[in-house]
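Close look at the chain arrangement
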Amino acid sequence: MLNNKGVTTIEVLICFVLVTIISTSLFSTVSMFNDKRIEENNKSKIIIYNNTLTRIIQKDFITYGIKTATINEKNENGLKIITVTCNLKSGEQRILRIKQKFTRSNIHPECNNEIYIDDSKRYCEQDNYDDEFMIEYGSPDKIIKYPIPELGEVIGKYDDNLKTFVPCTKNQIKVSDELRKKDSLTDSENKQICRVLKDLEINNLIINISNEETSDDIESRVLNIYIGFYHPELGNRYAINIVSPIDYPVMPSSKNGTFNFEFNN
Amino acid sequence: MKKINNKGFVLAETLIVSVFILAIFTMIYTYYYPLIGSYEGRETYDDVDGKYVAYWIKQLIESDSYDFSGNTFEKDNKKTMDNFGYIRFECRDVNENDNRRKICKNLVNALEISKCDSEGNNCDIFITHFQIGGTQAKKIKPDFKSTVNGKFLKYDKSSLIDNEVYLKKYQEYTLDSGKLCAYATNDNEVQQCKNKYLKSCFKGKGYKNLADNLQADGSISLTNEILSQRNTIDIIEYCKNQSESKIFPSYLADYINFLPNYTKTNYNSGANYRVIVVTQHKKALNNYYSFSTMEVNK
């Protein structure tokens, strides 16, 4: 007669199944929370960057007031540079400079020395092959750089067969690093260069002065600065959005002819 | 551990533990998930950009060129404040001889204030008393939060209205008799009020001829000149829908109810009023609202 102590096979199997079900459901929940944590972390970095820059720029615009403003745009080998020069009422000057370069030229319409892959896609041959985004602000003799947050990057190159950018292997990166040291490259060598594609980009730039074209409303102009960011997971929701009237009339009661701004209620 | 019996013990133990763990995680899940939702909803409440938007509107309000108790374009601001606890800020109430009127129009459009027309009117900018709710505010009568939640003063100001009435946009206007449209009693008065709103809406959208051809019964005689203009039918439809829409839709009511009552003793700035601003972000294919408030010294 067999011993009654112990467990049956079916009981063990059922226990395994139950534990598997619980582990799977818990794992998916924990994994979801982990993804959420990473997303919130990225969001937090962007928001802190936006808020810091907004406060620095708005502090000057509000405290001193903008007297006049000009906007200048130029392109250097695929690098787009927008410069906003503000003459403040205090006599000082402030310069805001935004640099934007995409290694993927689909989004980057102005590009010197283009190489066409096919009718729909093209990429730029340029000295520096990587994405570059930078915001600089300050007085002309002291411009401070505010690099955008590093939220990840992909090192990749354009694949002719797949018609898209694919990540480079270690060997490809090694070859690419060697090729970068050369002064000039052939077409085939150019295609072997691995480029840095940043996850967080400056995607939308809308910088203008309202009614700039008409002389009628010269005293009612408003400077509008919109620097939009894009991240594959967060989308294009986050941006630096600064609006300030130009030559706004100061009330006689204001202290020293300036405004004061406090983050109270 | 005591053995219940020799057979099936491992299964019973596993079942008990698994039920226990599942119950705990369900409780945690149901507690934290709504928290995440409300946190994400409040991301747009009083953010840094919103505070600067409110700041510039505050500057316009505090300037000498803004007529606080304006009585322009068939609206009576004083009556609206006395009966509902708020005034809608509009650029037409800024002195037209002052450059700030043009700045106001450009500013509200650049700041993307919600519902503004091209002239800077009909914007979602509300000026209220400093205290917007609570037992202290009820002494001022009426408190703004009550209006937002469907309760405002009766016509004779004796008490709050009996049923919940969520104010519609045409009800902000004043009849020729001086009565606020929210107290309109018959169809004729209601139609007069709607016509006032429609005229304002058509003019704000740049369709003055629609406003001129609006009949007493609310119909519009569509002349060839009107029909030849682009999007005429869409504008008529839009303005009619807007006239019937709530002044305080749910997303705005949520924000206002979220705000504290602002008892005066906690703040020493001496401000008597507040401004509440709603911004609709549309750049870069976005479409979301943000809200902000700031105290106003006037």
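Here goes a summary of the coordinates provided. (Residues numbered from 1 in each chain as written. Chains lettered and ligands numbered in written order. Predicted model: local features only at pLDDT ≥ 70, side-chain atom pairs only at ≥ 80, totals over all residues. Heavy atoms only, no water.)

**Topic: the overall build of chain B**
Secondary structure summary: chain B contains 11 helices and 4 strands in total. A compact globule built from 298 residues would reach a C-alpha radius of gyration of about 19 Å, whereas chain B, at 25 Å, exceeds it by more than 25%. Along the three orthogonal principal directions, the C-alpha set of chain B runs to about 95 × 55 × 45 Å. Across the 298 residues of chain B, 51% fall into the buried class. Across chain B, the fraction of contacts at a sequence separation of at least 24, relative to all contacts at a separation of at least 6, is 62%. Accessible surface for chain B amounts to roughly 14400 Å². Of this, 52% is attributable to carbon and sulfur atoms. Seen as two clouds, the 40 positive and the 36 negative side-chain charges of chain B have centres 5 Å apart. (Helix = DSSP H or I, 4+ residues; strand = E, 2+ residues; numbered from the N terminus. Rg over C-alpha atoms; globule rule 2.2 N^0.38 Å. Buried < 20%, exposed > 50% of the residue type's maximum accessible area, 1.4 Å probe, protein only. Contact = heavy atoms within 4.5 Å. Areas by Shrake-Rupley, 256 points an atom, 1.4 Å probe, with all protein chains shown as cover. Lys, Arg positive; Asp, Glu negative; His and termini not counted. Charge placed at Lys NZ, Arg CZ, Asp CG, Glu CD.)

**Notes on the packing of helix α7 (residues 187-204) of chain B against helix α10 (residues 232-244) of chain B**
For any two helices packed against each other, the geometry is given by the interaxial angle and the distance between the axes. All names here are of chain B. At a minimum axis separation of 9 Å, α7 and α10 run at an interaxial angle of 130 degrees. Taken together, the axes of α7 and α10 lie oblique to each other. Crossing angle aside, the handedness with which α7 passes α10 is right-handed. Counted together, K194, Y197, L198, C201 and F202 of α7 and I235, I236, Y238, C239, K240, Q242, S243 and E244 of α10 form the full contact between these two elements. (Axes fitted to C-alpha atoms, helices over the stretch in contact; angles between N-to-C directions. Parallel < 35°, antiparallel > 145°, perpendicular 65-115°, else oblique. Left-handed = near helix turned anticlockwise from the far one by under 90°.)

**Considering the sheet that holds strand β6 (residues 132-139) of chain A**
All names here are of chain A. With respect to topology, 5 strands assemble into an open sheet ordered β1-β2-β3-β6-β7, the strand pairing being antiparallel. This sheet does not close on itself; its edge strands, each paired only once, are β1 (66-76) and β7 (142-147). For this sheet, the mean inter-axis angle between neighbouring strands, taken without regard to orientation, is 15 degrees. Relative to strand β3 (residues 93-101), strand β2 (residues 79-88) runs antiparallel, the two sharing 8 bridges. Bridge pairing in β3 links C86 to R94. Across the sheet, helix α1 (residues 9-64) touches β1, β2, β3, β6 and β7, and the angle it forms with β6 is around 30 degrees. (Pairing = 2+ DSSP bridges.)

**Details of the pairing of strand β2 (residues 125-129) of chain B**
Residues and elements named next belong to chain B. With 5 of 5 residues buried, β2 lies mostly within the body of the structure. The sheet contact formed by strand β1 (residues 86-88) and β2 spans 3 bridges and is antiparallel. Across the sheet, residue R88 finds its bridge partner in β2, namely F126. Pairing between β2 and strand β3 (residues 273-281): 5 bridges, direction antiparallel. Within the sheet, the bridge partner assigned to I125 lies in β3 and is V277.

**A few points about the sheet that holds β1 of chain B**
All names here are of chain B. Taken in spatial order, the 4 strands make up an open sheet running β1-β2-β3-β4, and their pairing is antiparallel. Only two strands of the sheet have a single partner each, and these edge strands are β1 and β4 (288-296). Taking the axes of each pair of neighbouring strands and ignoring which way they run, one obtains an average angle of 20 degrees across the sheet. When β3 meets β4, the two strands line up antiparallel, connected through 9 bridges. Pairing of Y273 across the sheet is with V296, part of β4. The strands touched by helix α2 (residues 48-62) are β2, β3 and β4; relative to β4, the strand with the most contacts, the crossing angle is about 45 degrees. Sitting on the sheet, helix α3 (residues 77-84) touches β1, β2 and β3, and the angle it makes with β1 is about 140 degrees.

**Things to note about empty space enclosed by the protein**
Evaluation of the coordinates by the stated rule reveals 4 cavities of 30 Å³ or more. What the largest cavity holds in volume is close to 110 Å³. Around the largest cavity, the lining residues are Q58, N241, I242 and V243 of chain A together with D49, G50, Y52, V53, L111, T279, H281 and S290 of chain B. Of all the elements in the fold, those that place two or more residues in the lining of the largest cavity are β13 (239-245) of chain A together with α2 and β3 of chain B. Residue contributions to the lining of the largest cavity peak at 4 residues, all from α2 of chain B. (1 Å grid on protein atoms, 1.4 Å probe; cavity = no way out; pocket = protein on both sides within 12 Å on 5 of 7 lines; lining within 4 Å. Points joined across faces, edges and corners; volume = space filled by probe spheres on them.)

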